[in-house]
Every structure is written in C-alpha cells, then in structure tokens.
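This is what each chain is made of:
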Amino acid sequence: MNVIVNDTIEIAELLQLPKEVAIVSHRNPDGDAIGSSIAMAAFLRKHNHTVHIILPSEYPDIFGFLKGIDDIIIFDTEPEKSKEIIDKSSVVICLDFNSLERIDKLGRLIDDTDVQIVMIDHHIEPEPFYALAISRADVSSTCELVFNYIKDLDKVNMIDLEIGEAIMTGILTDTGSFRHNTNKGTYYVAGDLKARGVDDYYLQDKIFNSMNEKQLRLLGHCLVNRMEIIEEYRTGIIALNQKDYEEFDIKRGDTEGIVNYILMLKQMDVAIFVRQQPKIIKLSLRSKGDISVQAMARDHFGGGGHKNASGGYTYGSIGKVIRKIKEVLPDYVPKK
Ligand code: 5GP
Ligand code: MN
C-alpha cells in the first residue's frame, strides 16, 4: 500500500509568488529532518518567500555546524512565537513525517488553522492531512526528495553550499553512510552534490566522528551489560533503564546509533533498542531484508517509520516491554 504521490507541479504553482511559509519537521529531529528543512528554507528564500523553520523539540548538537541552523525555532522553548508564525503563514510545509502525531502539540496548532499544508516525506502509510504532497517510500530520504523537487523545477543551479551540505547530511544520516535505503537516484544526487563542491568527507567526519567520551562509554555499557540475544529469532535487544540515564547523564542524542551495533553481529536480523524515558518507554527497531519492524512498531508500539527502521513507544516497566517484545516476535520474524 505504498502509493506514490507527486504534486511537484501543483506545489511549485502554489509557491510561485512570495508567501509566508512555515517549514515543520518531526520531534527529536534527525539529520534528514534538519537537512531537508534547511535546504527547503534556503531554496524558498531564494524565491523571496519569507520562511521560518519550526521543530517541535531541540536538535542534537552535532548538527550545529550546518549553515542556516541558527534560524530554527524550537516549539518546546518558544511556543508563543511558533503559534504566531503558524498563524501568519499561508503555507505550511511538513518535511520528513507523515502523521501529525509526530509533531505533538504543533500538529494540533496546524490542524486548527486553514493554511495550505504541503507534505514532502518518504515514510510508509501517510495520513491524509495534507492538501498537496510528494510522498515516496522508495527514496532514501526527504533530502533526496527535496533535491528531486529542485531538479524537477530545473533549478539545480540554485543549489549552493548551504543547500547542498544540508541535503547531503540527510542522505548520509538516513542511509547510514550509504549502507541502507539507497537506490540509484541516491548515488546520482550524492554525485551531483559532490560535483558542486559539497565535501562529503568533511560531512562524514562532522556527523559520524562526533562522539564524546561519555557517549562512547555508554555504548560500551550497552554492549557489555544491557544486550540480550534471542538466537532463535536472530534478534538482539538493548534496554536502558532510568538508573542508566542518571548514571551516564544521558541527554538527547546521546543514544543515537546504538541500535545499529546489534546488526553488526553475524546472522542478526532484528535489533531493538528500548529506553525508559521520564514518561514513556521509547523503542527503536531495525531489521534486515523482508522482516518488517514497521509492522511490529505499528501493531504494538503506536509507531511506524520504514520497513527496516522504525520507532514507537509504550508505557509500563522495562521488564514488561521486553516480555511483550518476546511474545510478539514470532509473528514478525520467522524462526530459525
Ligand atoms: P529512530 O529509531 O531512529 O528514532 O527512528 C527510526 C524511524 O522510525 C524514523 O524514520 C522515524 O521517523 C520513525 N519513528 C521513530 N519513532 C516513531 C514514532 O513514535 N512513531 C512513528 N510513526 N514513527 C517513528
Ligand atoms: Mn527521513
């Protein structure tokens, strides 16, 4: 049920004359959310639109090097200002998410206005909250879709270093440095950006060699003390509790990427990372090949995402969540 929606022409028509535009992306923004927002904002500003970017919650420090990031408004810290911007905007562009639930209160704010909503996204099963959309689940990232949007309008020459680095960042993070989610178009976009002077080595270094000592030690703790392997379902689970959060003083972004280490084990097909946050238990799920963690996240953990990379949340204790995972695993992962 992955319908391709491509309203490129209609979106370009809507944005033909300068307008007040708000760009919105998802809570806990990742490189793709941030990169696509910065790239789209910079592109639209070149067409004399007045553009504001609003993210529901803070972005990880590692993206601080991106040009244009200082303009971002965080809803959690500036709710009044965010509301003012939404109220005076005539277009809201939703990037890298496809259900208003992913932006919490900001979603209700947008729902209450009669702005034109445009969605550009690459997750499966979009909810129909938009007027116009570009929705493709077969593309690596929203950044790749933003590049294609610009290319389809025959305006690639407007891609400067700010836009190019932002787009490359989203591609690098959503593909894990070209290890998953790629198609031939992804390499085309990366090649084009590199030819335009985007320094991929610089970006890889900024993004992936950016851990501090605490984060590296936390990774060690997860692998040594908090990982359980369920061999018959080729699944690994890492779970962090509230005490771990206190002991390692875990902050937003500190646990990024830990889930992927599980899949480095030979013959692992599913990786699940569970962490006990103040109000909810958050899950990150990864899989290989035909196994859909999206289905598991959707059916049992109020979430979704992509077939091989999804997230969700639940309530209760860590122990209860792990029991639940073990109980439902057989429905999604064939036994060895
Ligand atoms: P991560 O595990 O890196 O936080 O997220 C992996 C993927 O799952 C991302 O594409 C993200 O958009 C999606 N995702 C993460 N958490 C949620 C959630 O609570 N609900 C939904 N629908 N998707 C999520
Ligand atoms: Mn994405």
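To continue, consider the site of ligand 1. Within the structure, ligand 1 sits among 14 residues, and Arg102, His123, Lys282, Ser284 and Arg286 are positioned closest to it. Taking Arg102, its side chain carries an N or O atom lying 2.7 Å from an oxygen atom of ligand 1. Against a free-state accessible area of 500 Å², the protein chains account for coverage of 81% of ligand 1. Listing elements by their share of the shell around ligand 1, those giving two or more residues are strand S11 (281-287), strand S12 (304-305) and strand S13 (309-314). No other element matches the 5 residues that S13 contributes to the shell around ligand 1.

In terms of strand pairing, strand S8 (residues 227-230) meets strand S9 (residues 235-240) through 4 bridges, oriented antiparallel. Looking across to S9, one finds that Ile229 is bridged to Gly236. Counting the residues in the hairpin turn of S8 and S9 gives 4 residues, including Arg234, whose phi is positive at 45°.

Side chains of residues three or four places apart in an α-helix project in the same direction, reflecting 3.6 residues per turn. For helix H9 (residues 213-225), with 13 residues, the first-to-last C-alpha span of 18 Å sits near the 18 Å given by 1.5 Å per residue. The complete set of buried residues in H9 reads Gln215, Leu218, Leu219, His221 and Cys222. Seen along its axis, H9 keeps its buried residues to an arc of 160°; they face one direction. Residues of H9 that are exposed and point more than 90 degrees away from the buried face comprise Glu213, Leu216, Arg217 and Val224. Considering only its buried residues, H9 is in contact with S8, S9, helix H10 (242-247) and helix H11 (258-262).

The strands making up a sheet associate through hydrogen bonds between their backbones, and the pairing can be parallel or antiparallel. One open sheet holds the 7 strands; their spatial order is S1-S7-S6-S5-S2-S3-S4, and the pairing between them is mixed. The sheet is open, and its two edges are formed by strand S1 (5-6) and strand S4 (73-74), each paired on a single side. Bridge count for S1 against strand S7 (residues 132-135) is 2 bridges, and the pairing is antiparallel. Across the sheet, Val5 pairs through a bridge with Ser135, a residue of S7. Along the sheet, helix H3 (residues 79-88) contacts strand S2 (20-24), strand S3 (50-55), S4 and strand S5 (91-95); its crossing angle with S3, the most-contacted strand, is approximately 135°. Relative to the sheet, helix H5 (residues 142-152) contacts S5, strand S6 (116-121) and S7, its axis offset from that of S6 by approximately 115°.

In this section: the state of the cysteines. Using the criterion set out here, one finds 0 disulfides in the structure. The closest cysteine sulfur to the non-disulfide-bonded Cys94 is located on Cys143, 16 Å from its own sulfur. Looking at Cys94, the relative accessible area reads 0%, which means it is buried. Of the residues examined, Cys143 reaches a relative accessible area of 0% and is grouped as buried.

Here we take up the domain arrangement of the chain. You can read the domains of the chain as domain 1 (5-208) and domain 2 (213-331). Taken over C-alpha atoms, the centre of domain 1 sits 27 Å from the centre of domain 2. Taken together, the contact between domain 1 and domain 2 spans 9 residues of the former and 9 residues of the latter. Carbon and sulfur atoms supply 44% of the area buried between domain 1 and domain 2, which totals about 870 Å² over both sides. On the domain 1 side of the contact with domain 2, His123, Ile124 and Glu125 bury the most area, a combined 39% of that side's loss. Inspection of the domain 1/domain 2 interface yields 1 salt bridge. Residue Arg298 is joined to Glu125 by a salt bridge in which the shortest nitrogen-to-oxygen separation is 3.0 Å. Taken together, domain 1 and domain 2 are joined by 5 residue pairs in polar contact (both at pLDDT 80 or more). A breakdown of the residues in the side of domain 1 that touches domain 2 according to their chemical character gives 1 nonpolar, 4 polar and 4 charged.

Scoring rules and cut-offs
- Residues numbered from 1 in each chain as written.
- Chains lettered and ligands numbered in written order.
- Predicted model: local features only at pLDDT ≥ 70, side-chain atom pairs only at ≥ 80, totals over all residues.
- Heavy atoms only, no water.
- Near = heavy atom within 4 Å.
- Polar contact = N/O pair within 3.5 Å; in protein donor to acceptor, adjacent residues only side chain to side chain.
- Areas by Shrake-Rupley, 256 points an atom, 1.4 Å probe, with all protein chains shown as cover.
- Helix = DSSP H or I, 4+ residues; strand = E, 2+ residues; numbered from the N terminus.
- Pairing = 2+ DSSP bridges.
- Expected span 1.5 Å × (residues − 1).
- Buried < 20%, exposed > 50% of the residue type's maximum accessible area, 1.4 Å probe, protein only.
- Arc of directions from axis to C-beta.
- Contact = heavy atoms within 4.5 Å.
- Axes fitted to C-alpha atoms, helices over the stretch in contact; angles between N-to-C directions.
- Disulfide = S-S within 2.5 Å.
- Domains from an automatic or database assignment.
- Buried area = accessible area lost by both parts, 1.4 Å probe.
- Salt bridge = Lys/Arg side-chain N within 4 Å of Asp/Glu carboxyl O.
- Nonpolar A, V, L, I, M, F, W, Y, C, P; charged D, E, K, R; others polar.

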